[in-house]
Amino acid sequence: MNAMTLQVVSPVPTDIDIANSIQPQHISAIARKLNLNPNHYDLYGKYKAKVLLPVIDELKGQKDGFYVVVGGITPTPLGEGKSTTTVGLCQALGAFLDKKVVTTLRQPSQGPTFGIKGGAAGGGYSQVIPMDEFNLHLTGDIHAITAANNLLAAAIDTRMFHESTQSDSALFNRLCPPNKQGNRIFNDVMYTRLKKLGIHKKFPEDLTPEEVKRFVRLDVDPDTITWRRVMDVNDRFLRKITVGQGVDERGMVRETGFDISVASEIMAVLALTDSLSDMRARLGKMVIGNSKSGEPVSADDLGLGGALSVLMKDAINPTLMQTLEGTPVFVHAGPFANIAHGNSSIVADKIALKLVGPGGFVVTEAGFGCDIGVEKFMNIKCRYSGLRPQCVVIVATVRALKMHGGGPAVAAGKPLDRAYVSENVGLVEAGCANLARHVEIVKSYGVNVVVAVNRFSSDTDAEIAAVRAAALAAGAYEAVVCSHFAHGGKGAVKQGGVDTRSRYLICAKDINALLIIIVENNPKKIVQSDVTNTNMHHHNFLMRFYQIDLGVVVQKACENATEAFKFLYPLDASIKDKIEAIARSYGASGVEYSEQAEKKIKMYSKQGFAGLPICMAKTQYSFSDNPAAKGAPSGFVLPIRDVRASIGAGFIYPLVGSMSTMPGLPTRPCFYDIDLDVTNGKVKGLS
């Protein structure tokens, strides 16, 4: 795809230093690689553009490319390089295998960027650039979601206030005032409420007093309100607040709180919609609570669906960016995977699949482990998109597997225990139970599984061999060692057509034999400097060429995909049956429901929402509800503390254990390292 040349150095510099060392191509050049012309996008500066929705209609006759989703094993708090693997794989496919490829990623939240996790642009020599723009404001989508969410929150409290202080006729006169001609009219969103009430009249003056009362009084029960305010910052002190304490609110005091913006249902709507009309309908259907008679109250009941759509009209267009090696990236939506469905948008994937066409690749990432992000990708995203993946890549590290095998605790900001930097094959083998369960989860959907072992410099050949053996024994299509962090796309692509199932350790021991294999199969891909560069360490040289298989293996897995795709549960099953099917995939023996959860399940079933898919809000650090339960725990009972509904987005979400929808800041947040170089305006310290 006319890739940029990437000059790697060792040791690998910081992510932001690498990002700042590369001059991005003008985004119009990236667009041309996808045959997009200037009418297909709006520029947001030199290096970002919004790709416009009509592109889907123009390409509707085009066949789709291959669809690949990248998940992971249960991670450590440090992360195992899933985003890096996603980007590295795409750089391999586009920059070295000459395939049309688009990476589709979520937009990072500023919460973890300034908090404990850092950015989400990938890392090392497999990144999305400009890195600072990717991780911060980008094109303002999260800001639009925040504004829309909080407008709805304000409308709820305001409506309750006005209903408490005005008569039916006063409310009606203000909701339907005379126009300039002296006539009362209903606007479009009001007809939605009238239809819901079974009132089929066109003019306000035709309503009876009883119909007026039903129309103007939402009669929201404050105790049932689930809609909270949001902000894109980790702020634990806003988890619970009291509103209505001003002297003008006349005692309208109630307890509520803040979530992080990416946990807003509006973010989920953005990720799951496929058109402007669908987004408008979903936003209007969002349920904020119940009336005192038990009827669900929606955004359209509040008259707000249209205004929310106006705030979101630009956010629905995916943002086009690029990798370090000049391959295209769509960044769109950013729901967390532990408290939301954790996948980028359907819109971005659908456009990308048409743009790459047959033989091309769209590689997307699902958040956290396959028990969370990939499960929701399959059972929620694929249901609404109608798309089916040909391959799932599971990212594993020796470090994480040692932790799952009984290694000491891993904590961000603290040095790793010696167990993680010295050989311990037994610890790795014990931890591979976690990898095996993730492979089993993915294979249950009928999709080929490729395990990508993200290798660190302290990992030994014997440890890598143990991971690969466990992956193949669990049923993986192939297990591949990768070095994309240190080498970019070259660290994730096999040069030529050599079968690699048994050559890892052999080639690692014989560099000359390795060179013969590479040069004979693809001499154009190797240059003399690669062979003779005396500044390159022996280990780095091996990493650059003997672990270069991921791109070709993924291609083969896609080409050999079957049509056996299946969901974990049918939609017509009960809410409890669907929850329990997911719990069993975790290894649970059963599910325990709180009194509150039981009450909510009955209510949502009565309201007609039982046919929606399930989005479990669960810790990312264990298959169970207990983050300390590592490996592959079995036989536990999964506790469901509460059940909520995102009706506009289209799912029911049970809260497992003590999940929080507003993260907190650690003692030493990432913002300590972030600063601005005032001499050149570049960002420093972003990771």
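- Looking at an unreviewed UniProt entry, one finds the protein chain named formate--tetrahydrofolate ligase and attributed to Lactuca sativa.
- Listed under Pathway (unreviewed entry) in UniProt, the entry text for the protein chain is "One-carbon metabolism; tetrahydrofolate interconversion."

1. Here we look at the packing of aromatic side chains
Then, in step 1: In total, this model carries seven aromatic pairs according to the counting rule given.
Then, in step 2: With a centroid separation of 5.5 Å and 65 degrees between ring planes, the pair formed by F186 and F215 is classed as edge-to-face. With F186 in the loop between α8 (168-175) and α9 (188-196) and F215 in helix α10 (residues 209-216), the pair connects residues that are 29 residues apart, well separated along the chain.
Then, in step 3: Relative accessible area serves as the criterion here: at 5%, F186 is assigned to the buried category.
Then, in step 4: F215 gets classed as buried once you look at its relative accessible area, which sits at 3%.
Then, in step 5: Clustering of aromatic rings is evident, with ring pairs tying together F172, F186, Y191 and F215.
Then, in step 6: Directly above the aromatic system of Y586 lies the positively charged group of K618, at a separation of 4.7 Å from the ring centroid.

2. Re the pairing of strand β21 (residues 651-656)
Then, in step 1: Burial analysis of β21 places six of its six residues in the buried class, which makes it a mostly covered element.
Then, in step 2: Here β21 shows two buried faces, one formed by F651, Y653 and L655 and the other by I652, P654 and V656.
Then, in step 3: Looking at chain direction, strand β20 (residues 637-646) and β21 are connected through six bridges and run antiparallel. Along β21, the bridge assignment pairs V643 with P654.
Then, in step 4: The turn joining β20 and β21, which pair antiparallel and follow one another in sequence, is formed by four residues; a positive phi near 105 degrees is taken by G650.

3. Focus: the side chain of R159
Then, in step 1: Within the element layout of this structure, R159 appears in helix α7 (residues 141-165).
Then, in step 2: With sequence-adjacent residues up to four places away left out, R159 is seen in contact with L175, F215, V216, R217, L218, D301 and L302.

4. Overview of the nonpolar core
Then, in step 1: By size, the foremost hydrophobic cluster in this structure holds 136 residues, and its most contacted members are L152, M312, L435 and I640.
Then, in step 2: It is α7 that contributes the most residues to this core, nine residues altogether.
Then, in step 3: Sequence-distant contacts of L435, defined by excluding residues within four places in its chain, comprise I73, I394, A396, L401, V451, V467 and A471.
Then, in step 4: Membership of the second largest hydrophobic core comes to 23 residues, among which are V101, C391, V553 and C558.

5. Structural notes on the sheet that holds strand β19 (residues 590-593)
Two strands in a sheet stick together by hydrogen bonds in their backbones, pointing the same way (parallel) or opposite ways (antiparallel).
Then, in step 1: Taken in spatial order, the three strands of this open sheet run β19-β20-β21, and their pairing is mixed. Edge positions in the sheet fall to β19 and β21, since each of these pairs with one other strand and no more. Neighbour-to-neighbour, the strand axes of this sheet turn through a mean angle of 50 degrees, independent of strand direction.
Then, in step 2: Two elements, β19 and β20, share four bridges in a ladder whose sense is parallel. Bridge pairing in β20 links G590 to V637.
Then, in step 3: Most of the contacts of helix α25 (residues 575-586) go to β19, to which it runs at about 130 degrees, and overall it touches β19, β20 and β21.

Rules behind the numbers
- Residues numbered from 1 in each chain as written.
- Predicted model: local features only at pLDDT ≥ 70, side-chain atom pairs only at ≥ 80, totals over all residues.
- Heavy atoms only, no water.
- UniProt positions renumbered as here; feature names shortened; annotations may be inferred.
- Phe/Tyr/Trp six-rings, centres within 6.5 Å; stacked < 30°, edge-to-face > 60°.
- Helix = DSSP H or I, 4+ residues; strand = E, 2+ residues; numbered from the N terminus.
- Buried < 20%, exposed > 50% of the residue type's maximum accessible area, 1.4 Å probe, protein only.
- Lys NZ or Arg CZ within 6 Å of the ring centre and 35° of its normal.
- Pairing = 2+ DSSP bridges.
- Contact = heavy atoms within 4.5 Å.
- Core = buried A, V, L, I, M, F, W, Y, C linked by side-chain atoms within 4.5 Å.
- Axes fitted to C-alpha atoms, helices over the stretch in contact; angles between N-to-C directions.

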